[in-house]
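One letter stands for each residue in the lines below.
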Amino acid sequence: MQLIDTHTHLDFPDFDDDRNEVLAQARTLGVERLVVLGVEHGNWQRLWDQVQQHEGLYAAFGLHPVYLNQHRAEDLQSMQDWLQRLHGHEKLCAIGEFGLDYYLEDLDRDRQQSLFEAQLVLAERFELPVLLHVRRAHAPVIAALKRFRLPRAGIIHAFAGSYEEAREYLKLGFKLGLGGAPTWPQANRLRQVIARLPLDAIVLETDSPDMAPAMHPNRRNSPAHLPDICRELAPLLGVGPEALAAASSRNAMQLFGWQA
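Model, not experiment: these values are computed from the prediction.

About the thresholds
- Residues numbered from 1 in each chain as written.
- Predicted model: local features only at pLDDT ≥ 70, side-chain atom pairs only at ≥ 80, totals over all residues.
- Heavy atoms only, no water.
- UniProt positions renumbered as here; feature names shortened; annotations may be inferred.
- Helix = DSSP H or I, 4+ residues; strand = E, 2+ residues; numbered from the N terminus.
- Buried < 20%, exposed > 50% of the residue type's maximum accessible area, 1.4 Å probe, protein only.
- Core = buried A, V, L, I, M, F, W, Y, C linked by side-chain atoms within 4.5 Å.
- Contact = heavy atoms within 4.5 Å.
- Expected span 1.5 Å × (residues − 1).
- Polar contact = N/O pair within 3.5 Å; in protein donor to acceptor, adjacent residues only side chain to side chain.
- Pairing = 2+ DSSP bridges.
- Axes fitted to C-alpha atoms, helices over the stretch in contact; angles between N-to-C directions.
- Phe/Tyr/Trp six-rings, centres within 6.5 Å; stacked < 30°, edge-to-face > 60°.
- Salt bridge = Lys/Arg side-chain N within 4 Å of Asp/Glu carboxyl O.
- Arc of directions from axis to C-beta.

A. Here's a closer look at the UniProt feature "binding site: a divalent metal cation 2" (unreviewed entry) in the protein chain. In the numbering used here, UniProt assigns the feature "binding site: a divalent metal cation 2" (unreviewed entry) to His133 and His157. A maximum C-alpha distance of 5.6 Å places the annotated residues, which cover 25 residues in sequence, within one compact spot. Within the secondary structure layout, His133 lies in strand 5 (residues 130–135). For His133, a relative accessible area of 8% puts it in the buried group.

B. A look at the nonpolar core. Within the largest apolar cluster, 72 residues are counted, with the highest numbers of intra-cluster contacts made by Phe61, Leu120, Leu132, Leu145, Tyr169, Phe174 and Leu204. Looking at this core, the element that brings in the most residues is helix 4 (residues 109–126), giving six residues. Those residues in contact with Leu145 that sit more than four places away from it in its chain are Leu120, Leu132, Leu150, Tyr169, Leu172 and Phe174. Counting residues in hydrophobic clusters, the runner-up holds 15 residues, among them Cys93, Ala94, Ile155 and Leu255.

C. A look at helix 4. Between its first and last C-alpha atoms helix 4 spans 26 Å; for 18 residues at 1.5 Å apiece the expected length is 26 Å, and the two agree. By the burial criterion, the buried members of helix 4 are Gln112, Gln113, Leu115, Phe116, Gln119, Leu120, Leu122, Ala123 and Phe126. Looking at the buried positions of helix 4, the neighbouring elements they touch are helix 3 (75–86), strand 4 (92–101), strand 5 and helix 5 (138–148). Between the side-chain oxygen of the N-cap and the backbone nitrogen of Asp110 there are 3.1 Å, and the N-cap of helix 4 in question is Asp108.

D. Up close: the sheet that holds strand 6 (residues 154–157). A sheet is described by the order of its strands in space; here eight strands give the open sequence 1-2-3-4-5-6-7-8, paired in parallel fashion. Of all the strands in the sheet, just strand 1 (3–8) and strand 8 (202–204) have a single pairing partner and so form its edges. Across the sheet, the mean angle from the axis of one strand to that of its neighbour is 30°, orientation sign disregarded. Here strand 2 (residues 31–37) runs beside strand 3 (residues 57–61); their pairing, made up of four bridges, is parallel. Across the sheet, residue Leu37 finds its bridge partner in strand 3, namely Ala60. Packing against the sheet, helix 2 (residues 44–53) makes contact with strand 2, strand 3 and strand 4, and its axis sits at approximately 160° to strand 3.

E. Geometry of the environment of Pro65. Along the polypeptide, Pro65 turns up in the loop between strand 3 and helix 3. Overall, Pro65 belongs to the buried group, its relative accessible area being 2%. Residues Pro65 and Tyr102, spaced 37 residues apart in sequence, show a C-alpha to C-alpha distance of 9.5 Å. Residue contacts for Pro65: discarding those within four places in its chain leaves Phe98, Gly99, Leu100, Asp101, Leu107, Gln112 and His133.

F. Focus on the packing of aromatic side chains. Taken as a whole and judged by the stated rule, the model has nine aromatic pairs. Aromatic side chains Phe159 and Tyr169 sit 6.2 Å apart centroid to centroid with 90° between the ring planes, which places their arrangement in the edge-to-face category. One end of the pair, Phe159, is in the loop between strand 6 and helix 6 (163–171); the other, Tyr169, is in helix 6, with ten residues separating them in the sequence. The burial state of Phe159 is the same as that of Tyr169; both residues are buried.

G. Region of the structure containing the side chain of His9. Here His9 shows up in the loop between strand 1 and helix 1 (19–28). Taking relative accessible area as the criterion, His9 reaches 3% and is therefore assigned buried. His9 has contacts with Phe15, Val36, Leu37, Val39, Glu97, Asp207, Ser208 and Pro209, leaving out every residue within four places of it along the chain.

H. Geometry of the pattern of salt bridges. Overall, the coordinates contain eleven salt bridges when judged by the stated rule. Its salt-bridge partner being Arg220, residue Asp18 comes within 2.9 Å of it at the nearest N-O pair. Of this pair, Asp18 sits in the loop between strand 1 and helix 1 while Arg220 sits in the loop between strand 8 and helix 8 (226–233), placing them 202 residues apart in sequence. Exposure remark for Asp18: the relative accessible area of 23% places this residue in the partly exposed category. Here Asp228 makes a salt bridge to Arg231, at a shortest N to O gap of 2.8 Å.

I. Inspection of helix 3 at higher detail. Relative to the 16 Å expected for twelve residues at 1.5 Å per residue, helix 3 spans 16 Å between its end C-alpha atoms, a close match to the ideal helical length. For helix 3, every residue scored as buried is listed here: Asp75, Ser78, Met79, Trp82, Leu83 and Leu86. Looking straight down helix 3, one finds that the buried residues subtend no more than 135° of arc, so they occupy a single side. Away from its buried face, by an angle of more than 90 degrees, helix 3 presents the exposed residues Gln84 and Arg85. Looking at the buried side of helix 3, the elements it contacts are helix 2, strand 3, strand 4 and helix 4. Two residues or fewer past helix 3, Gly88 is found with a positive phi of approximately 90°.

See the structure below:
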């Protein structure tokens, strides 16, 4: 089984003690490529250093809505400078993680929207896919994406919306990121939505160190858990794990413009 983890935060301090061991374990289990996402200006350099040190790691830079109160006005200019400097580099694959979070009520929605749209502008300018965080905000995200019509679309990370919302994203060329959440038996509604999705809509992810799957409860999540996630989700889609792994990897390779 060959897999791509399309969403991990391997640069987080949670992995400082055993990052190399985690990567080695993941590769032994067939996870050949990993996308590591930036969340705020302070972690971009650390992230970039790490993806350059390891084969199969790729970087995305973003200003995450959960860190809204840490972002400064000049961070957008810094982000543009980073993208300009690294434009065309094989290790730069997307812009993210960014988006809208209406679950956390203390996050100013107008500021979120402004930051969200500013990063969509950068994605349009640099023709990069976007890796989007969307919590209880599918309607405004879909509305914005319909206005921007990005040339390379992207991924809706940890998709947990309705089938109708899934269809809207698919019409816009987006893939839906699936990870630990739908492996839990109580996620009945989400599991029913996934069962109706076509294979070309899906990419697999871990969001490690967060969102541990049901088979690894109350533990730090890891890219090494991706094969278990694949095995759990495959029956929902009526295919075997190898077929789901192949479809997810094919979808990710096309999205990021990677060659086999």
